[in-house]
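Geometric and topological summary
Chain by chain, the residues run as shown.
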Amino acid sequence: MIDSNIFEKMLRKNRIFKNRDVLRHSYTPEYLPHRKEQIESIASILLPALSGETPSNILIYGKTGTGKTATVKFVGKQLEEASRKMNVHCYVHYLNCEIIDTQYRVLATLAKALGRNVPMTGWPTDQVYEEVREAIDGKDQTVIIVLDEIDKLVKKGDDVLYNLSRINSELKNARVSLIGITNDLKFKNFLDPRVLSSLSEEEIVFPPYNATQLEDILAQRAELAFHDGVLDEGVIPYCAALAAHEHGDARKALDLLRISAEIAESREEEKVTKEHVREAVKKMERDNIVEVVRTLPNQSKIVLYSMILLHKNGKRKFITGEVYAVYKTLCKKVGMDVLTQRRVSDLLSELDMLGIINSIIISKGRYGRTREMRLDVPMDAVKEAILDDYRFEVLRDYEDRLLSSSLDMFD
DNA sequence: CCTCCACCGGAAAGCCGGGTCA
DNA sequence: TGACCCGGCTTTCCGGTGGAGG
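Being a predicted model, the structure only gives us computed values, none of them experimental. (Residues numbered from 1 in each chain as written. Chains lettered and ligands numbered in written order. Predicted model: local features only at pLDDT ≥ 70, side-chain atom pairs only at ≥ 80, totals over all residues. Heavy atoms only, no water.)

Looking at the sheet that holds strand β6 (residues 318-319)
Sheet architecture is open: three strands sit in the order β6-β8-β7, paired in antiparallel fashion. Single-partner strands in this sheet number two, and they are β6 and β7 (357-363). Of the pairings in the sheet, the one linking β7 to strand β8 (residues 369-375) comprises seven bridges and is antiparallel in character. The partner of Ile357 across the bridge, within β8, is Leu375. This element, helix α13 (residues 298-312), spans β6, β7 and β8 of the sheet and lies at about 75° to β8. (Pairing = 2+ DSSP bridges. Helix = DSSP H or I, 4+ residues; strand = E, 2+ residues; numbered from the N terminus. Contact = heavy atoms within 4.5 Å. Axes fitted to C-alpha atoms, helices over the stretch in contact; angles between N-to-C directions.)

Written as structure tokens, this is what we have:
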């Protein structure tokens, strides 16, 4: 018997997604619900570009998932289209400063986008700047530079911003205007006041979406992303409500919808239900915690691992002294410095802040006052995240022995 | 009502790596 | 280059404390 092609078989099974990419962050939709106001203000600020004048610089604020990037990209596209029709030279260059995070890289990337051949490393910065300036001034044009996550750039020194914000005075034929995007309201404080005043000639704030608005966004994307009728009644409102509850983040809402659908898909079910959404929430929370654990300092990992062992030993609540005793033996096993109890106590309160453990300070009267805590995480996932570090591999082998010997002292 | 446990948590100082400036 | 500073982490020291047991 001949098996049919495995991909064909899988595709035939795929009754859920029509186009998964529509739900990804990188996708820029044709139409942005509930951003009319912002689109219009940006457009009206950029309008002079079409008549050969210099548009004001813009600074855009808004929490993650409020549509800042999508809106700017959208308006940028429209502007380039309009300019093409009107035979005006007007270009928008988009840079994400999270990735392109040094002065040199920003300039080099710009130079490349403008058609100059600049190596990604090696040249003196001045020379690259000069190259950029020449490339821009080479013809009568308006260049709009979008700096997304601009706060990331400022933390490494704001020379580029200073240079770019004054570039207009060195240009004869062309005009430059800047659009900075940030979700960090405090970043202004780190900025050179001269740069700030130039950069924030105009400021636009993107408010978070509410539940109804998120619903519209989801509905619009779902139309493109899914086959007809695969979404159960109530799935979209549910996702929207959950995301609205958490700061109105459209990105989160879309993730939620996508992951719910992926769960349904992996189980080869025909429909996406609210139950899938609930599981998606759990999965996202778990992934989140695992990520937090992974990036914990080593000492904290050991402290956390001590608690996991205690938990595995059948204890649901533990006090500082118990955790510290286990912690000490574990440290010796992995050959790490043993911190003082005072310090471990601080690490424990940090874990509490992160929501990895639940703890309260209680008094056991005669038996002292201490922190009583319990673990509040998906145990196995967290354990794997810790053991992932090669230095802690050894703990896997010792686990049983630790359980049977050194933990006996705490009943 | 007093004691005293087992730790909490503030203060201060030491250590260390990285960055700055003359 | 070395002197110096900064900030994060850690230790040392220690006063403080809620409540079970006496």
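Description of the packing of helix α4 (residues 103-113) against helix α5 (residues 125-137)
Orientation of α4 relative to α5, taken along the N-to-C sense of each, is 30°, at an axis distance of 9 Å. For the element pair α4 / α5, the angle class is roughly parallel. In this structure, the crossing between α4 and α5 has a hand that is left-handed. In this structure, α4 contributes Gln103, Tyr104, Leu107, Ala108, Leu110 and Ala111 to the contact, and α5 contributes Thr125, Val128, Tyr129 and Val132. (Parallel < 35°, antiparallel > 145°, perpendicular 65-115°, else oblique. Left-handed = near helix turned anticlockwise from the far one by under 90°.)

Here's the deal with the packing of aromatic side chains
The description of two aromatic rings rests on the distance between their centres and on the angle between their planes. Counted under the stated rule, the structure contains two aromatic pairs. The residue whose ring lies beneath Arg20 is Phe17, and the NZ or CZ to ring-centre distance is 4.1 Å. It is Lys73 that lies over the ring of Tyr94; its NZ or CZ is 4.4 Å from the centre. (Phe/Tyr/Trp six-rings, centres within 6.5 Å; stacked < 30°, edge-to-face > 60°. Lys NZ or Arg CZ within 6 Å of the ring centre and 35° of its normal.)

Looking at the UniProt feature "binding site: ATP" (unreviewed entry) in chain A
Under the local residue numbering, the UniProt record ascribes the feature "binding site: ATP" (unreviewed entry) to Thr66, Gly67, Lys68, Thr69, Ala70, Tyr209 and Arg221. By secondary structure assignment, the location of Thr66 is in the loop between β1 (58-62) and α3 (68-86). Thr66 sits in the buried class, given a relative accessible area of 0%. With sequence-adjacent residues up to four places away left out, Thr66 is seen in contact with Arg35, Phe206, Pro207, Pro208 and Tyr209. The residue Arg221 is located in helix α9 (residues 211-225) in this model. Here Arg221 is in contact with Val22, Leu23, Arg24, Tyr27, Pro29 and Leu254, once residues within four sequence places are set aside. (UniProt positions renumbered as here; feature names shortened; annotations may be inferred. Buried < 20%, exposed > 50% of the residue type's maximum accessible area, 1.4 Å probe, protein only.)

Quick look at the protein's contact with DNA strand C
Around DNA strand C sit Val338, Leu339, Thr340, Arg342, Arg343, Ser363, Gly365, Arg366, Gly368 and Arg369, and those are all the residues in its vicinity. Atoms of DNA strand C within 4 Å of the protein belong to the sugar or the phosphate in 69% of instances, the rest to bases. At 2.8 Å, a side-chain N or O of Ser363 approaches a base nitrogen of DNA strand C. In the model, a base oxygen of DNA strand C is placed 3.3 Å from a nitrogen or oxygen of the Arg369 side chain. Tallied by class, residues from the surface near DNA strand C come to two nonpolar, four polar and four charged. (Near = heavy atom within 4 Å. Polar contact = N/O pair within 3.5 Å; in protein donor to acceptor, adjacent residues only side chain to side chain. Nonpolar A, V, L, I, M, F, W, Y, C, P; charged D, E, K, R; others polar.)

Quick word on the nonpolar core
Counting 36 residues, the largest nonpolar core has Ile302, Val303, Leu304, Met307, Leu348, Leu351 and Leu375 as the members making the most contacts within it. Of all the elements in the fold, those that place two or more residues in this core are α12 (274-294), α13, α14 (320-334), α15 (341-353), β8 and α16 (379-387). It is α13 that contributes the most residues to this core, eight residues altogether. Residues contacting Leu304, with those up to four places away along its chain left out, are Val293, Leu296, Leu351, Ile356, Leu375, Val382 and Ile386. By size, the runner-up hydrophobic cluster in this structure holds 35 residues, among which are Leu110, Leu153, Ala174 and Val195. (Core = buried A, V, L, I, M, F, W, Y, C linked by side-chain atoms within 4.5 Å.)

A closer look at the side chain of Ser177
Secondary-structure assignment places Ser177 in strand β4 (residues 175-182). Take Ser177: its relative accessible area is 0%, and that puts it in the buried class. Beyond its immediate stretch of four places on either side in the chain, Ser177 contacts Leu46, Pro55, Ser56, Asn57, Val143, Ile144 and Ile145.

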